[in-house]
Amino acid sequence: MKGRKNQEKKKSSWCLSRSTLDRSVVGMVALLLSLQLFFFMREVLYGASPVDLIQKRNDYDGWKWDMVELNSADSAELVSLPGIGPYFAKQILLYREKLWGTYADITQLMDIRGIDPEKFSRIEGRVYVEPSSVKRIDLWRLSADSLAAHPYIGSYAAKGIVRLRKFCKRDSLSVDMLVREGVLPIQKAKRLKLYIDK
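This one's a predicted model, so the numbers in the text were calculated from it and none came from an experiment.

Q: Help me out: how do you make sense of the pattern of salt bridges in this one?
A: Side chains bearing opposite charge may pair, as long as their charged atoms lie close to each other. Under the defined criterion, the tally for this structure stands at four salt bridges. In this structure, R191 and D111 form a salt bridge, with 3.2 Å as the shortest nitrogen-oxygen distance. Separated by 80 residues along the polypeptide, R191 in helix 9 (residues 186–192) and D111 in the loop between helix 4 (86–98) and helix 5 (117–123) bring together distant segments of the chain. When its relative accessible area of 34% is taken as the criterion, D111 is described as partly exposed. A salt bridge links R170 to D138; the shortest N-O distance between them is 3.1 Å. Here the residue R170 occupies a position in the loop between helix 7 (154–167) and helix 8 (175–180), and D138 occupies one in the loop between strand 2 (127–128) and helix 6 (144–149), the gap between them amounting to 32 residues. Residue class for D138 comes out partly exposed when judged on its relative accessible area of 25%. Within this structure, D138, R141 and R170 form a network of salt bridges that share partners.

Q: Honestly, the side chain of Q108 in this entry has me stumped. Any pointers?
A: Mapped onto the secondary structure, Q108 falls in the loop between helix 4 and helix 5. Classification of Q108 as buried rests on a relative accessible area of 0%. Side-chain polar atoms of Q108 contact the backbone nitrogen of D105, separated by 2.8 Å. Setting aside its immediate chain neighbours within four residues, Q108 contacts Y95, L99, Y103, Y152, R191, L194 and Y195.

Q: Hey, could you run me through the nonpolar core in this one?
A: One recurring pattern in soluble globular proteins: nonpolar side chains tend to sit buried together. With 42 residues, the main nonpolar core has Y103, L109, L139, L178 and L192 as its most contacted residues. If you list the elements that add at least two residues to this core, you get helix 4, helix 5, helix 7, helix 8 and helix 9. Excluding residues that lie within four positions of it along the chain, L178 makes contacts with L139, I161, L164, L173, V183, L184 and L192.

Rules used throughout
Residues numbered from 1 in each chain as written. Predicted model: local features only at pLDDT ≥ 70, side-chain atom pairs only at ≥ 80, totals over all residues. Heavy atoms only, no water. Salt bridge = Lys/Arg side-chain N within 4 Å of Asp/Glu carboxyl O. Helix = DSSP H or I, 4+ residues; strand = E, 2+ residues; numbered from the N terminus. Buried < 20%, exposed > 50% of the residue type's maximum accessible area, 1.4 Å probe, protein only. Polar contact = N/O pair within 3.5 Å; in protein donor to acceptor, adjacent residues only side chain to side chain. Contact = heavy atoms within 4.5 Å. Core = buried A, V, L, I, M, F, W, Y, C linked by side-chain atoms within 4.5 Å.

Next up, the structure:
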């Protein structure tokens, strides 16, 4: 008799848990169906699947809502970038000052000690340079001291530029000429070209 009561008790508790389980399954199915309906409606309204919408967000479309412009950013904006704390934010601002206030290309961040390709890859999609903010360099008009102060020129190249200005025409003075004449190494020349109109 006692064994029968225990069996009935077990049976009733199993039925109770089974009905609870059934309700949970029905709830999950309903949730999945509502999510599927949501994504379907989103696709109908916007003409794209959720994956396409995420891809569109990652593609540059002229809207820079979550990006940082390197030439106007302050340290608070830079700290918001992944892997860039107060130290690197300060280094980015200091290097911008050395570049006479403007970056010309985001890859220049890798010129900063400690920003290696791995760290750069984490922020690459979050930073940009507004082309109109880049200050151009006029090799013909600047003094030797001003030219020497730029990190891509230096004192040796500055003296060479001043010497070349005496023997060539204004239009012929170019970064390529500086490389040909041995005034500037190729690596620095590539970077300097970012600031020259020619």
